[in-house]
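Results of the structural survey
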Amino acid sequence: MTDIERRAVDAERPLTGVTYGPAVDDDGYVLTLITADGPLEVEFDEEAMYLLWTEVKGTPWPDPPTSTEQDLLLKRLVELANGADEEMLKGAISALGGKR
């Protein structure tokens, strides 16, 4: 048996059922889910919130159309960029024809 609490976001509040922003009384961020059982707040430190944001930012809807080779390459490039140091990023930008 797992120790995972599950709640569904309130279907009556589709636009406000999930929000996030800076924590008011602490450092970091709060992800708030409005559920039928009341609000549920999940706290993140800055690094965890950034990881969540970068993970979902480029993530398509759960049933995306068939990915093209370009889609897969772009996703891989973003994954690699997220783990790169400054010199690696500068090299990648230069290799792609960008300016430093």
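Fair warning: this is a prediction, and the values are worked out from it, not measured in the lab.

1. Focus: a nonpolar patch on the surface
On the surface, a nonpolar cluster with roughly 460 Å² of combined accessible area is contributed by Tyr 20, Tyr 50, Leu 51 and Trp 53. Its location among the elements puts Trp 53 in helix α1 (residues 46-57).

2. Re the pairing of strand β1 (residues 18-22)
The pairing of β1 with strand β2 (residues 29-35) spans five bridges and is antiparallel. From the neighbouring strand, Val 18 faces β2, where its bridge partner is Leu 33. Taking the residues that link successive antiparallel strands as the turn, the β1-β2 hairpin has six residues, and the phi of Gly 28 there is positive, at about 105 degrees.

3. Notes on the confidence of the model for the protein chain
In this model, the protein chain carries a mean pLDDT of 82, and residues with pLDDT of at least 70 account for 89%. Ranking the elements of the protein chain by mean pLDDT puts helix α2 (residues 69-82) last, at 83, and helix α3 (residues 86-95) first, at 91.

4. Quick word on α3
Looking at where α3 begins, the residue whose side-chain oxygen comes 3.2 Å from the main-chain nitrogen of Glu 87 is Asp 85. Once α3 finishes, Gly 97 follows within two positions and takes phi at roughly 90 degrees, a positive value.

The rules behind these values
Starting afresh in each chain, residues are numbered from 1 along the sequence in its written order. Given that this is a predicted model, residues contribute local features only at a pLDDT of at least 70 and side-chain atom pairs are listed and counted only at 80 or more, while totals for whole chains, interfaces and linings are drawn from all residues. With hydrogens and water set aside, each side-chain value is computed from the structure's full complement of heavy atoms. Grouping into patches uses exposed residues only, defined as over 30% relative accessible area, and leaves out salt-bridged ones; the cut-off is 9 Å for like charges and 5 Å for nonpolar side chains (Val, Leu, Ile, Met, Phe, Trp, Tyr). Note that accessible areas follow from Shrake-Rupley with a 1.4 Å probe, and for residues the cover is restricted to the protein chains shown. When a carboxyl oxygen of Asp or Glu is within 4 Å of a side-chain nitrogen of Lys or Arg, the pair counts as a salt bridge. To qualify as a helix, a DSSP run of H or I must reach at least 4 residues; to qualify as a strand, a run of E must reach at least 2; elements of each kind are numbered from the N terminus. At least two DSSP bridges between two strands are required for those strands to pair. On a range of 0 to 100, pLDDT expresses the predictor's confidence in each residue. Two N or O atoms form a polar contact when they lie within 3.5 Å of each other; inside protein one atom must be a possible hydrogen donor and the other a possible acceptor, and for residues adjacent in sequence the pair counts only when both atoms belong to side chains.

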